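Structure at a glance
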Amino acid sequence: MATFLYKLGRLSFRRRHLVALIWVALLALAGAGAASAPTAGNSSFSIPGTEAQKAFDLLEQRFPGTSADGATARVVFKAPGGEKMTDPGNKATVQDTVKELSDGSEVAAVTDPYRAKAVSKDGTVAYAQVSYKVSGMELDDAAKDALEESAQHAREAGLTVEIGGDALQAVPHTGSSEVIGIAVAAVVLVITFGSLVAAGLPLLTALIGVGIGVSTITALASALDLGSTTSILAMMIGLAVGIDYALFIVSRYRAELAEGREREEAAGRAVGTAGSAVVFAGLTVVIALVGLAVVNIPMLTKMGVAAAGTVAIAVLIALTMVPALLGYAGRRVKPMGEKSRLRGRAKGRDASDRPAEPAKPNLGTRWASFVVRRPLAVLLLAVVGLGAAAVPAADLELGLPDDGSQPTSTTQRRAYDLLSEGFGPGFNGPLMVVVDAKGSDDPEAAFTAVGDEIKGLKDVVTVTPPAPNKAGDTATITVIPGSKPSSLSTENLVHGIRDAGAGIKADTDAAVLVTGSTAMNIDVSQKLNDALVPYLVLVVGLAFLLLIVVFRSILVPLKAALGFLLSVTAALGAVVAVFQWGWLSGLMGVEQTGPVMSMMPIFMVGVVFGLAMDYEVFLVTRMREAYVHGEKPAQAVVTGFRHGARVVTAAAVIMMAVFAGFIGSSESMVKMIGFGLAIAVLFDAFVVRMAIVPAVLALLGRRAWWLPRWLDRALPNVDVEGEGLRASSGDDDGDRELVRV
């Protein structure tokens, strides 16, 4: 592989005009497609194979034309102090508002609170339900404005009015903090390289790659039903890995120039060596993201595939466009001081005329030397520290966000609180029970039996009479729990109704299904929990095999996988502490604590594993490169850190800055993922890869690089270390004894 990438790097360097033109043309093409594409809405949320989804599909079939997937709004009214909603003046205001709400062309139906008995027992709170023909993301701005204007007219009449539901749902935005993340990345690159040109190359190529990826997602969003958050997550991951991959190749290019090689040769060798690590690091990220498909939740699968596509583009750009731009940059990628010395030599002021100063070991060398001297102490301290950070993960509660998780400043949250105050906490999470009596001899009796059975269950406040369809073979029953939607009591009630349905099925041949947003959330959480272990086995297993090929070792990939489990568990603990317990919530902009998003654990496992393997590949390939060329195991660890620690540190800081930039998002899911990934990179890069990895390798010694001979013969030789390049060019390393590993 190194030889092929070496040739690709040299070709891209020589044909830089063509390579640059191709990538710019792709960016323009993707941008034109995005500009002409319709606006993306929310991806249709479905969870195949679950009872809630089966019930939803049955409703679509048996109750046609009801716009089951249309937007809804609950306009909640509260009377002034000392008054009631049944007072003539307040009642007239509400009825005028209902009439005003019914005028919109996209409105399917509006319920009158007084006819629908949607007035609280104490008479202080009432609500009108507005159903729309289209989803919340497809609603015209005029319809949203009309909804808010109607509420404002009622407020002017003296009522407190808030609006819940998804009708006012907006496309999430990330705010200006992501720009701060990119600015931090730029500063880190300038400090790392000491050259504005060298610092600008990774940023430029990463932005071009993300531009192509996100524009393509936007262009295909409507056709492929991609959600509005898909492009944000692809941008988050693509920007981080794009900068990192280009950073490693530019850094290796500078090292090759420092050894006296010509620019084209240096570009070829940089792509052949660091580019090999980029390819395998990118493969681990792609495997982890595409592997999300095993969960069988279409929205999660699309998010993973879209992000994986952006990562693949980042790899291709790093292998082709980076060497092309290096051709344009010339030697301006060198630090300013070094360029001054070169100019001095050109004028006859040779640095050899001055007394030589002893080279001072860099920070990476000093740190690695310290770890090698005290590996057991460093290992124990790092493991105990991560274990302490992981403690909150034992209290992990999963759920999907609803209006109750919105900030208290939003009208959706205030409507949620008013409904809880007037009708009880369970009113915000009603359960819809669908009774399929098509195979029953007496459908009406089956409907009645289901309602009576549910009334006898614990934590049930209200059970509405069955509402059959025109054919009379299917009915819906609304159940109001006594507890809030995200509570354990409500989850137990859902399971209780389903258990009771099994007995009703045996007696009446009528099937009982439970759906609604609350039941959907419960089913999603269960499905994600069930998929976590198979997903771990698939992703970690495939990446483990891939790393065996890269490192030609059994213990090094095993250590990499175990270290990842430590870092991701510690990161989940931090997420629980901030978003569930409320630690530092004000600093993070978390206005409302609550359960952690259901897909957070499995998403973090996928993304963090891929990113963790980035640092493993970049750092340990340098160690293996030194070891196979004759250095002792402990010295190889130090050599790997001398060459790679500074760049890996810069890459980690950049990735943390990019991810942390998304904490400012208005979307709670994006905010949580941004924080989780940033803290996971902190733990993995600076604790696992910088402390645990060298400590374990120092303790294992030569055993770290052991591989059975039969497996050594069976595995393909991908030549990540670039040994083929040295052999073909007759480098000095060629006469050093190679270690058999």
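Now for a description of the structure that goes with this document. A quick note: this is a predicted structure, and the numbers were derived from the prediction, not measured. (Residues numbered from 1 in each chain as written. Predicted model: local features only at pLDDT ≥ 70, side-chain atom pairs only at ≥ 80, totals over all residues. Heavy atoms only, no water.)

Time to look at the overall build of the protein. Within the protein one finds 24 helices and 11 strands. Buried positions account for 54% of the 741 residues belonging to the protein. Taking contacts inside the protein between residues at least 6 apart in sequence as the whole, the part at least 24 apart equals 80%. About 31300 Å² of surface is accessible on the protein, with carbon and sulfur atoms providing 59% of the total. (Helix = DSSP H or I, 4+ residues; strand = E, 2+ residues; numbered from the N terminus. Buried < 20%, exposed > 50% of the residue type's maximum accessible area, 1.4 Å probe, protein only. Contact = heavy atoms within 4.5 Å. Areas by Shrake-Rupley, 256 points an atom, 1.4 Å probe, with all protein chains shown as cover.)

One non-glycine residue, Lys117, lies in the positive phi region at around 55°. Here Lys117 is to be found in the loop between β2 (107-110) and β3 (125-132). Judged by relative accessible area, Lys117 falls into the exposed class, the value being 75%. Backbone geometry places Arg552, a non-glycine residue, at a positive phi of 50°. Inspection of the secondary structure puts Arg552 in the loop between α17 (517-551) and α18 (555-580).

The next point concerns the environment of Ala318. With respect to the helices, strands and loops of the structure, Ala318 is situated in helix α10 (residues 298-329). Through-space distance from the C-alpha of Ala318 to that of Asp244 is 9.3 Å; in sequence the pair is 74 residues apart. Here Ala318 is in contact with Tyr245, Ala246, Ile249, Val278 and Pro323, once residues within four sequence places are set aside.

Moving on: a negative patch on the surface. There is a patch of like negative charges on the surface, built from Asp140, Asp141, Asp145, Glu148 and Glu149. The residue Glu148 is located in helix α5 (residues 141-156) in this model. (Patch = residues over 30% accessible without salt bridge, like charges linked within 9 Å, V, L, I, M, F, W, Y side chains within 5 Å. Salt bridge = Lys/Arg side-chain N within 4 Å of Asp/Glu carboxyl O. Lys, Arg positive; Asp, Glu negative; His and termini not counted. Charge placed at Lys NZ, Arg CZ, Asp CG, Glu CD.)

Right, let's talk about empty space enclosed by the protein for a bit. What the rule picks out here adds up to three cavities of 30 Å³ or more. The calculated volume of the largest cavity comes to roughly 50 Å³. Lining the largest cavity we find Thr205, Ala206, Gly209, Val210, Gly238, Gly242, Ala246, Thr310, Ala314, Ile317 and Ala318. For the lining of the largest cavity, the secondary-structure elements that each account for two or more residues are α7 (196-224), α8 (228-258) and α10. (1 Å grid on protein atoms, 1.4 Å probe; cavity = no way out; pocket = protein on both sides within 12 Å on 5 of 7 lines; lining within 4 Å. Points joined across faces, edges and corners; volume = space filled by probe spheres on them.)

In this section: the side chain of Gln580. Considering the arrangement of structural elements, one finds Gln580 in helix α18. A polar atom in the side chain of Gln580 sits 3.0 Å from the backbone nitrogen of Glu397. In this view, Gln580 contacts Asp395, Leu396, Glu397, Val575, Thr593, Gly594 and Val596; residues no more than four positions away in its chain are not counted. (Polar contact = N/O pair within 3.5 Å; in protein donor to acceptor, adjacent residues only side chain to side chain.)

Another aspect to go through is the pattern of salt bridges. Inspection of the entire model under this criterion finds 17 salt bridges. Between Glu256 and Arg252 there is a salt bridge; the shortest N-O distance is 3.3 Å. Of this pair, Glu256 and Arg252 both sit in helix α8, four residues apart, which is roughly one turn of the helix. Note on accessibility: Glu256 and Arg252 belong to one class, buried. Across the salt bridge formed by Glu616 and Arg689, the nearest N and O atoms sit 2.6 Å from each other. Of this pair, Glu616 sits in helix α20 (residues 600-628) while Arg689 sits in helix α22 (residues 668-700); the two residues are 73 residues apart in sequence, bridging distant segments of the chain. Residue Glu616 is classed as buried on the basis of its relative accessible area of 1%. Several salt bridges converge on common partners, so that one network encompasses Arg10, Arg14, Glu264, Glu265 and Arg269.

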